[in-house]
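# Structural features, examined
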Amino acid sequence: MPRILFDECDVLVVDEAGKNIAGTGMDPNVIRKNYVDTVVMEPLAQRIVLLDLTDKSHGNANGMSNADVCTERFFNKIDFSATYPNPLTNGMLQSCRIPIVMKNDLLAIQAGIKGCFNIDHNNARLIRIKTP
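Now for a description of the structure that goes with this document. These figures come from a predicted structure and were not determined experimentally.

A separate point is the overall build of the protein chain. For the protein chain, the count of helices and strands is five helices and five strands. When the helices and strands of the protein chain are placed in sequence order, the string is β-α-β-β-α-α-α-β-α-β. The C-alpha radius of gyration computed for the protein chain amounts to 14 Å, which stays within 12% of the reference 14 Å derived for 132 residues, consistent with globular compactness. For the protein chain, the C-alpha atoms occupy an extent of roughly 40 × 30 × 25 Å along the three principal directions. Buried positions account for 42% of the 132 residues belonging to the protein chain. Residue pairs in contact within the protein chain that sit at least 24 positions apart in sequence constitute 70% of those at least 6 positions apart. Accessible surface, the protein chain: about 7,600 Å² in total, of which carbon and sulfur atoms supply 54%. Side chains of the protein chain give 14 positive and 15 negative charges; the mean places of these two sets differ by 2 Å.

Next up, the structure:
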């Protein structure tokens, strides 16, 4: 199973999430966060920043609630008619809560850093999951 080889960071930046990557958009086993309260994981990051939604998701943004911040680019790609059937069927309405929306990548990453507690905000530790 893919995994991140660091124990922790302050902010995890995810280039793209999508149904073609994981059923929840971002694999909870990789990002070490899941909106399902019954699944307990050792957290990787204080904050998760989501930059974009894959085209292959066709607007389905299920799992976006695992992110704390997203970009307007991501938000503008959400098709709510494609996103809502899963949570309405399985009862996990929390899977499609909308993160804080920022204008661009830089502001989204800065918001993620600003949202961290007890860190040196000038030397934040970031991990970026870059889409191939």
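Having seen it, we continue.
This part covers the environment of Leu93. Secondary-structure assignment places Leu93 in the loop between helix H4 (85–90) and strand S4 (100–102). Overall, Leu93 belongs to the exposed group, its relative accessible area being 53%. Along the backbone, Leu93 and Leu107 are 14 residues apart, and their C-alpha atoms lie at a distance of 28 Å. Ignoring sequence-local partners within four residues, the contact set of Leu93 consists of Pro87 and Leu88.

Counting across every chain of the model gives two aromatic pairs. Seen from their ring centres, Phe75 and Phe80 are 6.4 Å apart, and the 65 degrees between their planes marks the pair as edge-to-face. By relative accessible area, Phe75 is classed as partly exposed at 30%. The exposure class of Phe80 is partly exposed, given its relative accessible area of 27%. An aromatic cluster of three or more residues is present, and its members are Phe75, Phe80 and Tyr84.

The next subject is the nonpolar core. Ranked by size, the top nonpolar core spans 21 residues in total, and within it Leu12, Met26, Ile48, Leu50 and Phe74 carry the most contacts. Contributions of two or more residues to this core are made by strand S1 (9–17), helix H1 (28–31) and strand S2 (45–53). Those residues in contact with Ile48 that lie beyond four places of it in its chain are Leu12, Val14, Met26, Ile31, Lys33, Asn66, Ala67, Asp68 and Val69.

The rules behind these values
Residues numbered from 1 in each chain as written. Predicted model: local features only at pLDDT ≥ 70, side-chain atom pairs only at ≥ 80, totals over all residues. Heavy atoms only, no water. Helix = DSSP H or I, 4+ residues; strand = E, 2+ residues; numbered from the N terminus. Rg over C-alpha atoms; globule rule 2.2 N^0.38 Å. Buried < 20%, exposed > 50% of the residue type's maximum accessible area, 1.4 Å probe, protein only. Contact = heavy atoms within 4.5 Å. Areas by Shrake-Rupley, 256 points an atom, 1.4 Å probe, with all protein chains shown as cover. Lys, Arg positive; Asp, Glu negative; His and termini not counted. Charge placed at Lys NZ, Arg CZ, Asp CG, Glu CD. Phe/Tyr/Trp six-rings, centres within 6.5 Å; stacked < 30°, edge-to-face > 60°. Core = buried A, V, L, I, M, F, W, Y, C linked by side-chain atoms within 4.5 Å.

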